Amino acid sequence: MSPNDYDEKRAYHRMKVDTPITFSLNGQAQVTHQAISKNLSASGLLIQSEFAPAQNDKIEVVMDTGNDRFSPFIIQGRVLRVEADIEAAEQYLISISIEQSQ
């Protein structure tokens, strides 16, 4: 099976989205971390960060739209997987399952 075969079997199409975001964990909104979103689908989000949360942490992601006319995009979910990014030293790829968005 080629890597593309797996992507074709996904339930939702993933969109590449390289946008700066902030995130907080386990309801602690006063402590935020910086990251870059990598891709987004209807059920998940992949981000890249220097900070590695624990698997199953509750996470809230805030993606600023960069436009005063539109509110930030906010996602609540759970951390599914955290892996070292082999293409970027001291960075982690964090897979998030989206439970709610606004």
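The present account deals with the structure reproduced in this document. Only a predicted model underlies this, so the values are computations on that prediction, with no experimental measurement involved.

### Structural notes on the pairing of strand 6 (residues 92–101)
For a regular strand, side-chain orientation follows a simple rule: the groups alternate between the two sheet faces.
Step number 1: The pairing of strand 3 (residues 44–49) with strand 6 spans six bridges and is classified as antiparallel. In the sheet register, Ser-49 faces strand 6, and the bridge partner there is Tyr-92.
Step number 2: One ladder, built from nine bridges, connects strand 5 (residues 73–84) with strand 6; its direction is antiparallel. For Arg-78, the partnering residue across the bridge sits in strand 6 and is Ser-97.

### Looking at the sheet that holds strand 5
Sheets are built from strands that pair by backbone hydrogen bonding, the pairs being arranged parallel or antiparallel.
Step number 1: Strand order in this closed barrel of six strands is 1-2-3-6-5-4, and the pairing throughout is antiparallel. Sheet twist, expressed as the average angle between the axes of neighbouring strands with direction ignored, equals 45 degrees.

### Observations concerning unusual backbone geometry
Step number 1: Even without glycine at this site, Asn-26 takes up a positive phi of about 50 degrees.
Step number 2: Take Asn-26: its relative accessible area is 43%, and that puts it in the partly exposed class.
Step number 3: For Asn-56, which is not glycine, the phi dihedral falls at a positive 75 degrees.
Step number 4: Mapping Asn-56 onto the fold places it in the loop between strand 3 and strand 4 (58–63).

### Comments concerning the nonpolar core
Step number 1: One finds Phe-23, Leu-45, Ile-47, Ile-59, Val-61 and Ile-96 to be the most contacted residues of the largest nonpolar core, which totals 16 residues.
Step number 2: Of all the secondary-structure elements, those providing two or more residues to this core are strand 1 (15–25), strand 2 (33–40), strand 3, strand 4, strand 5 and strand 6.
Step number 3: Per-element accounting of this core gives the leading share, four residues, to strand 1.

### Considerations on the side chain of Thr-19
Step number 1: Locating Thr-19 in the fold gives a position in strand 1.
Step number 2: Of the residues examined, Thr-19 reaches a relative accessible area of 18% and is grouped as buried.

### Considering the packing of aromatic side chains
Step number 1: In total, this model carries one aromatic pair according to the counting rule given.
Step number 2: Between the aromatic rings of Phe-23 and Phe-51, the centroid separation amounts to 6.4 Å while the plane-to-plane angle is 45 degrees, which identifies the pairing as tilted. Of this pair, Phe-23 sits in strand 1 while Phe-51 is found in the loop between strand 3 and strand 4, placing the two residues 28 residues apart along the sequence.
Step number 3: Given a relative accessible area of 1%, Phe-23 falls into the buried group.
Step number 4: Taking relative accessible area as the criterion, Phe-51 reaches 32% and is therefore assigned partly exposed.

### Digging into the pattern of salt bridges
Step number 1: Going through the model one piece at a time under the given rule, you end up with four salt bridges.
Step number 2: Of the charged contacts in the structure, one is a salt bridge between Asp-18 and Lys-38, with a shortest N-O distance of 3.4 Å. Of this pair, Asp-18 sits in strand 1 while Lys-38 is found in strand 2, placing the two residues 20 residues apart along the sequence.
Step number 3: Judged by relative accessible area, Lys-38 falls into the partly exposed class, the value being 27%.
Step number 4: For Glu-99, the salt bridge goes to Arg-78, with nearest N and O atoms at 3.6 Å. Taken as a pair, Glu-99 in strand 6 and Arg-78 in strand 5 lie far apart in primary sequence, 21 residues in all.

Calculation criteria
The numbers attached to residues start from 1 for each chain and follow its sequence in the written order. pLDDT decides what is reported in this predicted model: residues at 70 or higher carry local features, side-chain atom pairs at 80 or more are listed and counted, and totals for whole chains, interfaces and linings draw on all residues regardless. For side-chain calculations, the full set of non-hydrogen atoms in the structure is used, while hydrogens and water are omitted. In this description, strands pair whenever DSSP reports at least two bridges between them. We count a stretch as a helix when DSSP gives it H or I for four or more residues in a row; a strand needs E for two or more, and each element gets its number in order from the N terminus. Fitted lines through C-alpha atoms give the axes, limited to the stretch in contact for helices. The angle between two N-to-C directions lies from 0 to 180 degrees. Only protein chains enter the area calculation, which uses a 1.4 Å probe; residues under 20% of their type maximum are buried, those over 50% are exposed, and those in between are partly exposed. The definition of a nonpolar core used throughout is a set of buried Ala, Val, Leu, Ile, Met, Phe, Trp, Tyr and Cys residues joined through side-chain atoms within 4.5 Å. To pair, rings of Phe, Tyr and Trp, with the six-membered ring standing in for Trp, must have centres within 6.5 Å; the planes then decide the type, stacked if under 30 degrees apart, edge-to-face if over 60, and tilted in the middle. Definition used for salt bridges: Asp or Glu carboxyl oxygen within 4 Å of a side-chain nitrogen of Lys or Arg.

Limitation: the analysis is restricted to geometry and does not speak to function.
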